[in-house]
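Remarks on the overall topology
Residues per chain are reported as follows:
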Amino acid sequence: MLSFIVYIFSYSFLLYAFLALIGISILSATVGTYVTINRFSYIAGALSHSILFGLGLFNYLKSIFISNKFLAESLFTPLNGAFLSGILFSLIIAYLYNNKNERLDTILSAIWSIGMSAGILFIFLTPGYNQELTRYLFGNILLVSLKEIIILFIFTIFILLIFSFFYKKILSIGFDNEFALLMGQNVKLFNTIFILIISFAIVLLTQVVGIVLLIALLTLPSSTILKFNLSLKKTMILSGILTFIVGFLGLYLSFTFNLPVSPITILILGAIYIIIFILKSGLKS
Amino acid sequence: MKKIQNSDIVIKAESIYFKYDFADKPTLEDVSFSIFDKEFVSIIGPNGGGKSTLIKLLIGLLKQDSGKIEVFGKNPENVRNKIGYVPQYFSFDSLYPITAIDVVMMGRLNSNFFSKFTKKDYEMAKNTLDFVGMGGYEKKLLSKLSGGQRQRVLIARALAVDCKILILDEPTAYLDKEAQSFLYKLLQKINKEKTIVLVSHDVGFVPSISTKVICLNRTAFEYSKLDEEKNNEGKNEEINFYNCKVDKIT
């Protein structure tokens, strides 16, 4: 383990992974706790999978307009596609959620699978080997670039500012939106903004951990810490610390035993969640 | 007995009809009643009798298909800050990480999107927690409190609104005898200054402090002579009216 820490400061890709892990831990713990306490994990699941549509579409358009430098390199980047499809699907989901659509889960499933299928179809149509898209699906923190780390940190700071400013309102509206509505709160606008924020966080996290494993990262640490009955702030902070420690362990195991880093990290988080769940349920009964 | 005048009407419902889109029959049919200032009104009726729907109409979360509801002579939506609503405590997520004081502070929420709580809001919230006998529990998480204590925190939240009418949805459900009697004493104290509307599915029991009982089973029957009968015959007599059989309790 000690030699691994020395390696971190000798290899830039390990150092980048380490820095990215700090950003990911803060971002996923903050947004993830919000997702968990509001029971939005299915919404987050639909969002994270459906953005493959934007990723695939823009990657396809990029290959078509490859001769135009501006279009190929600045406009039709998979990241832009992911952001735009994230915004589109967030607005649809927020509208349905706000209007208490009874079939929300069915519609979420539809968005989930249609978005993903369309994405896969565009990947298929795109000529050449799409390494970038494989990365979006399964993620690899060891491939993160300095530019991505900077974007991640800027957005994480932005999220922290929003969450600390609206802390009490997040707490109130999540607890009892009916009463918040009676108190004249614009609950619909609030939900819409925060579902959009979830989608932005998902797009940024997708680059590093991948679509398939993202939901685990958003829900497992906060669900584990919530079992301990702490305040929202403490739950967020401890979820971040848990994510960081397990992420670091995952990085170490991946580096030492040559295993893929995302699955190993998620498996450890899952194991901790199951153990805490059983212990806490056992204590109750 | 309190002298009640027509000008003291705080809630007036006139032949309300309400039907959910998915339902075959209307949930409320020709419901009329009046509630006067500082009354203690118990609305009882079986499950599915339309109690929750009626509450939602009174606080303006739903709109009736026909008929008229006036709260302080206005549309319920426009006087929400005069109504304190206490929902069922067990309808909340038991793991939700919120402290007692943060629940009560909800009663001080301001409609401005970017508004923040002030020190005054905090003090008012703290005072109402003291009033319901929950002083010292400010920083305690709701999930760590007993049912009766959660109930009182929700009452404190409604009081923090500085309301004139307190509406409670099934407040005694799942409470033990001790917590129930504490609750009734607390409500009696609140009743000195505010009108209380208590909704219960327990058709067998009505708090003896009620000045009026409204029996709701799709339509409403009003019975408002509880006070007089109490003077004549004492406690525990039975009242039979329409389909409701009521035992008064202390």
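In this text, all values refer to a predicted model and were calculated from it rather than measured experimentally.

To continue, consider the overall build of chain A. When you go through chain A residue by residue, the secondary structure sums to 14 helices and zero strands. Put simply, chain A runs from its N terminus to its C terminus through helices and strands in the order α-α-α-α-α-α-α-α-α-α-α-α-α-α. Taken over C-alpha atoms, the radius of gyration comes to 19 Å for chain A, in line with the 19 Å a tight globule of 285 residues would show. Here chain A, with 285 residues, has 54% of them falling under the buried criterion. Pairs at least 24 apart in sequence give 77% of the contacts found in chain A among residues at least 6 apart. Split by element, the accessible area of chain A, about 13000 Å² in all, is 73% carbon and sulfur. Considering chain A, the positive charge centre built from 15 side chains and the negative charge centre built from 7 side chains are found 10 Å apart.

This part takes up the pattern of salt bridges. When the charged atoms of two side chains lie near each other, side chains of opposite charge can form a pair. All names here are of chain B. Throughout the structure, instances matching the rule amount to 11 salt bridges over all chains. A salt bridge links E39 to K212; its shortest N-O distance comes to 3.2 Å. With E39 in the loop between β2 (28-36) and β3 (40-44) and K212 in strand β9 (residues 212-217), this residue pair connects regions lying 173 residues apart in the sequence. Overall, the relative accessible area of 4% leaves E39 in the buried class. Where E138 meets K126, a salt bridge forms, and the shortest distance between an N and an O atom there is 3.6 Å.

Taking 1.5 Å of rise per residue, the 26 residues of helix α13 (residues 232-257) of chain A would be expected to cover 38 Å, and the 37 Å separating its terminal C-alpha atoms lies within 8% of that figure. Once α13 of chain A ends, the next one or two residues include N258 of chain A, with phi positive near 55°.

Glancing now at the packing of helix α4 (residues 147-160) of chain B against helix α5 (residues 177-191) of chain B. All names here are of chain B. Here α4 crosses α5 at 15°, and the two axes come no closer than 10 Å. As the angle between them shows, α4 and α5 are arranged roughly parallel. The element α4 and its partner α5 pack so that their crossing is right-handed. When α4 is examined against α5, the residues G148, Q151, R152, I155 and L159 are found in contact with a partner set consisting of A179, F182, L183, L186 and I190. Of the residues that constitute the contact of α4 with α5, the class distribution is seven nonpolar, two polar and one charged.

If you look at the interface, chain B gives 33 residues, while chain A gives 32 residues. Across the chain B/chain A interface, buried area totals approximately 3000 Å², and carbon plus sulfur atoms make up 67% of it. Contact with chain A buries surface across chain B, with Y96, P97 and F113 of chain B losing the most and accounting together for 24% of the total. Here K56 of chain B makes a salt bridge to E178 of chain A, at a shortest N to O gap of 3.8 Å. Secondary structure elements with two or more residues in the side of chain B that touches chain A: α2 (100-105) and α4 of chain B. Classifying every residue of the side of chain B that touches chain A gives 19 nonpolar, six polar and eight charged.

This part covers a nonpolar patch on the surface. Among the surface-exposed residues, M1, L2, I5, F9 and L249 of chain A lie close enough to one another that they form a single nonpolar patch of about 510 Å² accessible area. Of note, L2 of chain A is situated in helix α1 (residues 2-8).

The rules we used
Along each chain, residue indices are assigned from 1 in the same order as the chain's sequence is written. Following the order in which they are written, the chains are lettered starting with A and the ligands numbered starting with 1. Local features in a predicted model are, by the rule used here, given only for residues with pLDDT of at least 70; side-chain atom pairs are given and counted only at 80 or more, and totals for whole chains, interfaces and linings are based on all residues. Side-chain numbers come from the whole structure's heavy atoms, not from hydrogens or water. In DSSP terms, a helix is any run of H or I states spanning at least four residues, a strand is any run of E spanning at least two, and both are numbered starting from the N terminus. For the radius of gyration, the atom set is restricted to C-alpha positions; the globular benchmark scales as 2.2 Å times the number of residues to the power 0.38. Exposure classes here rest on a 1.4 Å probe applied to the protein chains alone. A residue is buried below 20% of its type maximum, exposed above 50%, and partly exposed in between. Residue contacts are counted whenever heavy atoms from the two residues lie within 4.5 Å of one another. Methods summary: accessible areas were calculated by the Shrake-Rupley approach with a probe of 1.4 Å, and residue burial reflects only the protein chains presented. Charged-residue counts in this description rest on Lys and Arg as positive and Asp and Glu as negative, His and the chain ends being excluded. We put the charge of a Lys on NZ, of an Arg on CZ, of an Asp on CG and of a Glu on CD. By definition, a salt bridge exists where a carboxyl oxygen of Asp or Glu is found within 4 Å of a side-chain nitrogen of Lys or Arg. Working rule for helices: expected span equals 1.5 Å times residues minus one. Throughout, an axis means a line fitted to C-alpha atoms (over the contacting stretch in the case of helices), and angles, computed between N-to-C directions, take values from 0 to 180 degrees. Should an angle fall under 35 degrees it is taken as roughly parallel, and over 145 as roughly antiparallel, whereas 65 to 115 is taken as roughly perpendicular and any remaining angle as oblique. When the near helix sits turned anticlockwise from the far one by under a right angle, the crossing is termed left-handed; a clockwise turn instead gives a right-handed crossing. Polarity classes work like this: nonpolar for Ala, Val, Leu, Ile, Met, Phe, Trp, Tyr, Cys and Pro, charged for Asp, Glu, Lys and Arg, and polar for all others, with Gly in that last group. Buried area is calculated as the accessible area (1.4 Å probe) missing from two parts once they are joined, with the contributions of both summed. Like charges are joined within 9 Å and nonpolar side chains (Val, Leu, Ile, Met, Phe, Trp, Tyr) within 5 Å, but only among residues with over 30% relative accessible area and no salt bridge; these make up the patches.

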